[in-house]
Amino acid sequence: MTDEKQETLIITGNEASAWGARRSKAHVVTAFPITPQTTVMETISEFVDSGKMQCNFVKVESEHSVMAGMVGASMTGARCFTATSGQGLLYMAEMVHWVSGSRLPVVTTIASRGIAPPWNIWVDYSDILSMRDSGWIIQFASTHQEIFDSILMSYKLAEDPRVMLPVFIAYGGFSQSHTSKPVVIPSQKAVDDYLPPVPDDGWPHLVLNPEKPIVHGNLLMPQQEYMEFRYKMHETIHGAKPIIKEVIADFHEKFGRNYHGLIESYRCDDAKYILVTVGALGEQVKDAVDTLRSEGKKVGSIKIRYFRPFPKEDLVEILGSKNLEGIVVVDRSIAYGSPTGGHISSEFSNILSELPSSLTYLPAVWGLGGRDVTVGDQESVFNDLINLHEENEIKETSNSYINGTLWVNLKVR
Amino acid sequence: MNKSKKQDLKKEDLPSFEDYRDLPHIPVSIGVKGSMGNTGEWRTFRPVINLSACNKCGFCYIYCPEGTIKFDKETGPMVDYIYCKGCGVCARECPKDAITMRRETEQVCENDEDD
Ligand code: SF4
Ligand code: SF4
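Scoring rules and cut-offs
- Residues numbered from 1 in each chain as written.
- Chains lettered and ligands numbered in written order.
- Predicted model: local features only at pLDDT ≥ 70, side-chain atom pairs only at ≥ 80, totals over all residues.
- Heavy atoms only, no water.
- Near = heavy atom within 4 Å.
- Nonpolar A, V, L, I, M, F, W, Y, C, P; charged D, E, K, R; others polar.
- Phe/Tyr/Trp six-rings, centres within 6.5 Å; stacked < 30°, edge-to-face > 60°.
- Helix = DSSP H or I, 4+ residues; strand = E, 2+ residues; numbered from the N terminus.
- Buried < 20%, exposed > 50% of the residue type's maximum accessible area, 1.4 Å probe, protein only.
- Domains from an automatic or database assignment.
- Contact = heavy atoms within 4.5 Å.
- Salt bridge = Lys/Arg side-chain N within 4 Å of Asp/Glu carboxyl O.
- Polar contact = N/O pair within 3.5 Å; in protein donor to acceptor, adjacent residues only side chain to side chain.

Peer 1: What am I meant to see in the site of ligand 2 here?
Peer 2: Close to ligand 2 lie 14 residues; C54, N55, C57, C60 and C94 of chain B are nearest. The residue makeup of the shell around ligand 2, split by class, is 10 nonpolar, 2 polar and 2 charged.

Right, here's the structure in full:
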């Protein structure tokens, strides 16, 4: 593999992440191993060792220091990259807020896994969604190619002076991190043409320079502007929606791969029933849609690509269709004690208020801790939704309908 | 070393923001002394240096987390009480036990206090 020409490599999702960091020419990578992310750092370490990637690869003693290192390095105006998973993400939680609160354009990939105890290292988005309100942009990558491409797009987005916020890109532990697929790796020149180098004189709002010392992270008293700075971050992350679309359109033009926007819809135009989910299962569900369509059932699906900012307007535009009779929103994460049990299905209440009240709404949870979700399981969720809409109850299903939420394949006697 | 006076930042010298939209992305302050305010007001205990016990090693100056000790090889250390927060690190680290922490309400006679 050379840097001069485009090649298609058969690589794992984690290797795709490492390639994203290499092609983005990240200056600083801080590393601490944690399953299932570890091979991202191992691959970058090999790139650095063989001289194929010029970066400061800093081995630290914990994930807290991984993200603290990102804060310090990014403040100098460097392009910064790291990766983590599950418990590691939780351990760095404090510094996660230091990155966003300092408005630093760090990009971090998350190979998502279940949270212990009991130990679990397989796909489950409860880790990344626990960072829901951290001020980071949160994106899900549903294919290996999307993991690589998203890193390039995320730097473009994060470093935009109108944004200056960090980005998380989440994908499934093992289901994506350790499986291999073909990934198109463009030449270094093509990426350089798309993603310009960082500004020579640092970020517009903050740069560490020994010649001009500054104090950052000062105390703001209650009557000072603490509240205003918080509101500005909220406004910026919402304001990023059109910029995300610009970045995607620009990428499409340059590389020919279209990531649609904050959401991607599939066969929704005349659909009566729509399933909404995130991640790779949002790709797989297209097969379930095709099968049910061939049986004459008018179904469609929506894959949420960006969870922060929450794509409310885009969802309302599609779900406001007059054909629609029912929506099922499925989480691969658990939000204990929330209205529905799932992160995304709980947030949907805000969207439902803008949709006709005649719609049947079914929140659902599937695949926690890496439990298999087959195309057949996905079809059963559609059928349960149709059942609930037509009969007002869910009959003869392998799933459990408890307190208004459908728990897919929950074992009950 | 210059004996620096308290830098009185006047309110009208500071940028003020009527509208949140005029704010930068984050608050930073330029490197002025006392950008956190007169932190000496936070103090409950004050470090008092007994210069006759002091060997001028400079440990207190190195360890002070606030940079509020001035040090001169000839005359020794001197605490800037406008900013010293009274944490006691200097007293703990002094190898000669030349620094004692005294309650602010206690009347102390300090031969080296000149601020
Ligand atoms: S008490 Fe703390 S702040 Fe004050 S001079 Fe000693 S070390 Fe510095
Ligand atoms: S640490 Fe103690 S002995 Fe050393 S300079 Fe300070 S006061 Fe003097």
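Peer 1: Can you walk me through the packing of aromatic side chains in this structure?
Peer 2: Any two aromatic rings considered together are summarised by their centre-to-centre distance and by the angle between their planes. Residue and element names in this part refer to chain A. Under the defined criterion, the tally for this structure stands at 14 aromatic pairs over all chains. Relative to F174, the ring of W122 lies with its centre 6.3 Å away and its plane at 40°, an arrangement referred to as tilted. Separated by 52 residues along the polypeptide, W122 in the loop between β5 (107-112) and α6 (126-129) and F174 in the loop between β7 (167-172) and β8 (180-185) bring together distant segments of the chain. The class of W122 is partly exposed, set by a relative accessible area of 41%. The class for F174 is partly exposed, based on a relative accessible area of 24%. Ring geometry for Y125 against F140: centres 5.0 Å apart, planes inclined by 85°, an arrangement best described as edge-to-face.

Peer 1: Could you clarify how one ought to interpret the site of ligand 1 in this entry?
Peer 2: With respect to spatial proximity, 14 residues lie near ligand 1, and among them C64, C84, C87, G88 and C90 of chain B are the closest. Tallied by class, the residues present in the shell around ligand 1 amount to 9 nonpolar, 3 polar and 2 charged.

Peer 1: How should the domain arrangement of chain A be read in this particular structure?
Peer 2: By a widely used convention, the size of an interface equals the accessible area lost when the partners come together. Residues and elements named next belong to chain A. Here chain A is described as being made up of domain 1 (7-255) and domain 2 (265-407). On a C-alpha basis, the centres of domain 1 and domain 2 stand 29 Å from each other. Facing the 26 residues of domain 1 at the interface are 24 residues of domain 2. Its salt-bridge partner being K245, residue D314 comes within 2.8 Å of it at the nearest N-O pair. The tally of links between domain 1 and domain 2 comes to 15 residue pairs in polar contact (both at pLDDT 80 or more).

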